[in-house]
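What follows is each chain in one-letter form.
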Amino acid sequence: MTPAGAVATGPDLCRLVAVPVFAWVAYRDLETRRVSSSVWIPLALLGTALLVWDGWLAWTAGETVWTYDFLIPTALSLGLVVPIAYLFWWVGGFGGADAKALLVLAVLFPTFPEYTLGSWTLPFETPPLGAFSFTILTNAVLVGVALPLVLAVRNAAAGRFAPVMVVGWPISWERVPETHGSLLETPAGLTRSGLDLDALRMYLRWRGLSLAEVRERPDRYRDPASLPAEPNPPTDGAVTADGGPRGDGGTLASDDDSAAAEAEDGSTTAIEYDDPWGAETFLDDIEGSAYGTTPETLRDGLEVLAREETVWVSPGTPFLVPVFVGLLIALGYGDLLLGTLL
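These numbers come from a predicted model, not from an experiment.

Draft legend 1. Inspection of the overall build of the protein at higher detail. Along its length, the protein carries 13 helices and nine strands. The buried share of the protein, reckoned over its 342 residues, is 44%. Split by element, the accessible area of the protein, about 17100 Å² in all, is 61% carbon and sulfur.

Spelled out as structure tokens, the structure:
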């Protein structure tokens, strides 16, 4: 859309505002897994205005430019990327912020921008009739696919070999309360669908407990009779969330109570509770769900964290990071998939 010899059109220059904004949201996604919805509104409004501006420039340039340089790429962007973003959000493949980011990109980058730097014209690889937002998406997916390889190399270099080495790494239990992601262990062994650590924080705040207290007296807190009469707000599980006043986690009739019963021969057997750890009570009490956590998943995670010094965790996929990298690659190089195929 840029005339020969020009640095860039006005709309394309304005679109560069998205770079620092996406850098910031990628950082927020990596550090907190929380991105305010308000950040997308200005970008969506800017994209709509630039879309109208681009349409006017293409219309005045003639039918060929209007059809092939504007209308078809815009139709692909809005008709392909928007449904993909909604579909993946609906099935749980994307978080809300990920879907909103792709919706904004579909409006903000429907056509390929063009920037002239000396004798170079960026991006280098531009597919025919391509929607730029779709190129950003495919770039992000390719970057995301490379992340497991990075994790595997990192773990192998440290001598950490396990079936889950491509999706996570081991950390000490002390770091768990400050870590985003999910546990990759159950009492039965390694798993790909363990306890969400945000849900763990919700549970601990609801009970007014720390993980250290749980580890110190697991028998006490495994007993649902120890649940607090007035639980705290669970928050949304963010690391930085304020869980309100701390409680004592609930009290038993006697601090000498234990989760083991002594038989006549002196042996002990674990007491079977109807609701170990009060997991079902917690999930019934809070509004909504704790990121799809089931009572069994919560119990398994607590059993592991109550006894293990080091646990495998997965950071999950902060998808806004690959999206930001995909945007940078698209602006500088263009379509990674096209470059790979060629």
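From this point, the discussion proceeds with the structure in view.
Draft legend 2. How the structure looks around the UniProt feature "transmembrane region" (unreviewed entry) in the protein. The residues that UniProt annotates with the feature "transmembrane region" (unreviewed entry) are residues 6-27, 39-58, 70-89, 101-120, 132-153 and 319-341. Taken end to end, residues 70-89 is 100% helix and 0% strand, and its two terminal C-alpha atoms sit 28 Å from one another. Taken as a whole, residues 101-120 contains 40% helix and 20% strand, while its terminal C-alpha atoms sit 29 Å from one another.

Draft legend 3. Spotlight on the packing of helix α3 (residues 40-61) against helix α4 (residues 63-90). Between α3 and α4, whose axes approach to 7 Å, the crossing angle comes to 155°. Taken together, the axes of α3 and α4 are roughly antiparallel relative to one another. From α3, L51, D54, G55, A58, W59 and A61 reach across to α4, where they touch V65, W66, F70 and T74. The residue inventory of the contact of α3 with α4, partitioned by class, reads seven nonpolar, two polar and one charged.

Draft legend 4. Looking closely at the nonpolar core. F22, W40, F109 and F132 are the most contacted members of the largest nonpolar core, which has 33 residues in total. For this core, the secondary structure elements donating two or more residues are α2 (18-32), α3, α4, α5 (96-108), α6 (132-157) and α12 (320-332). Not counting residues up to four positions away in its chain, the partners in contact with F132 are F109, P110, T111, F112, P113, P123, L327, A330 and L331.

Draft legend 5. Representation of the confidence of the model for the protein. Across the protein, the average pLDDT comes to 87, with 87% of residues at or above 70. Confidence drops under pLDDT 50 across residues 1-7; counting only partners more than four residues distant or on other chains, this segment forms 17 contacts.

Draft legend 6. Summary view of the packing of aromatic side chains. One pass over the full model with this rule turns up nine aromatic pairs. Through a chain of ring-to-ring contacts, the aromatic side chains of W59, W66 and F70 assemble into a single cluster.

Draft legend 7. Seen up close, the sheet that holds strand β3 (residues 169-172). The three strands are arranged β3-β9-β4 in an open sheet whose pairing can be described as antiparallel. At either end of the open sheet lies a strand with only one pairing partner, and these are β3 and β4 (182-183). When β3 meets strand β9 (residues 310-314), the two strands line up antiparallel, connected through four bridges. Bridging from a neighbouring strand, W169 pairs with V313 of β9.

Draft legend 8. Structural context of unusual backbone geometry. The peptide bond linking L122 to P123 adopts the cis configuration, its omega dihedral lying at -5°. Phi is positive for T235, close to 60°, though the residue is something other than glycine. Assignment of secondary structure puts T235 in the loop between α9 (218-222) and β7 (260-262). The phi angle at W277 is positive, at roughly 70°, despite the residue not being glycine. Counting through the fold element by element, W277 comes out in the loop between β8 (268-270) and α10 (279-285).

Draft legend 9. How the structure looks around α6. In this model α6 runs 37 Å from its N-terminal to its C-terminal C-alpha over 26 residues, within 8% of the 38 Å that 1.5 Å per residue would give. Directly after α6, the chain includes G159, whose backbone phi takes a positive value near 75°.

Draft legend 10. Structural view of the pattern of salt bridges. The final tally for this structure, using the stated rule, is eleven salt bridges. The shortest N-O distance in the salt bridge between E280 and R299 comes to 3.9 Å. With E280 in helix α10 and R299 in helix α11 (residues 295-307), the pair connects residues that are 19 residues apart, well separated along the chain. Measuring nitrogen to oxygen at the nearest pair gives 3.3 Å for the salt bridge that ties E308 to R307. You can call R307 partly exposed: its relative accessible area is 46%. Three or more residues joined by partner-sharing salt bridges are found here, namely R34, D198, R201 and D236.

Draft legend 11. Structural view of the side chain of T135. Examined against the element boundaries, T135 turns out to sit in helix α6. Beyond its immediate chain neighbours, meaning those up to four positions away, T135 contacts F112, P127, A330, G334 and D335.

Draft legend 12. How the structure looks around α3. Between its terminal C-alpha atoms α3 stretches 31 Å, which fits the 32 Å expected from 22 residues at 1.5 Å a residue. On its buried face, α3 sits against α1 (10-15), α2, α4, α5 and α12. Directly beyond the C-terminal end of α3, a positive phi value near 120° is found at G62.

Draft legend 13. How the structure looks around the packing of α6 against α12. Packing of α6 against α12 brings their axes to within 7 Å, and their N-to-C directions diverge by 125°. When the interaxial angle is binned, α6 and α12 end up oblique. The handedness of the crossing between α6 and α12 comes out as right-handed. In contact with F132, T135, I136, N139, A140, V143, G144 and L147 of α6, α12 contributes P322, V323, V325, G326, L327, I329, A330 and L331. Each residue belonging to the contact of α6 with α12 can be placed in one class, and the counts come to twelve nonpolar, four polar and no charged.

Rules used in this analysis
- Residues numbered from 1 in each chain as written.
- Predicted model: local features only at pLDDT ≥ 70, side-chain atom pairs only at ≥ 80, totals over all residues.
- Heavy atoms only, no water.
- Helix = DSSP H or I, 4+ residues; strand = E, 2+ residues; numbered from the N terminus.
- Buried < 20%, exposed > 50% of the residue type's maximum accessible area, 1.4 Å probe, protein only.
- Areas by Shrake-Rupley, 256 points an atom, 1.4 Å probe, with all protein chains shown as cover.
- UniProt positions renumbered as here; feature names shortened; annotations may be inferred.
- Axes fitted to C-alpha atoms, helices over the stretch in contact; angles between N-to-C directions.
- Parallel < 35°, antiparallel > 145°, perpendicular 65-115°, else oblique.
- Contact = heavy atoms within 4.5 Å.
- Nonpolar A, V, L, I, M, F, W, Y, C, P; charged D, E, K, R; others polar.
- Core = buried A, V, L, I, M, F, W, Y, C linked by side-chain atoms within 4.5 Å.
- pLDDT = per-residue confidence, 0-100.
- Phe/Tyr/Trp six-rings, centres within 6.5 Å; stacked < 30°, edge-to-face > 60°.
- Pairing = 2+ DSSP bridges.
- Expected span 1.5 Å × (residues − 1).
- Salt bridge = Lys/Arg side-chain N within 4 Å of Asp/Glu carboxyl O.
- Left-handed = near helix turned anticlockwise from the far one by under 90°.

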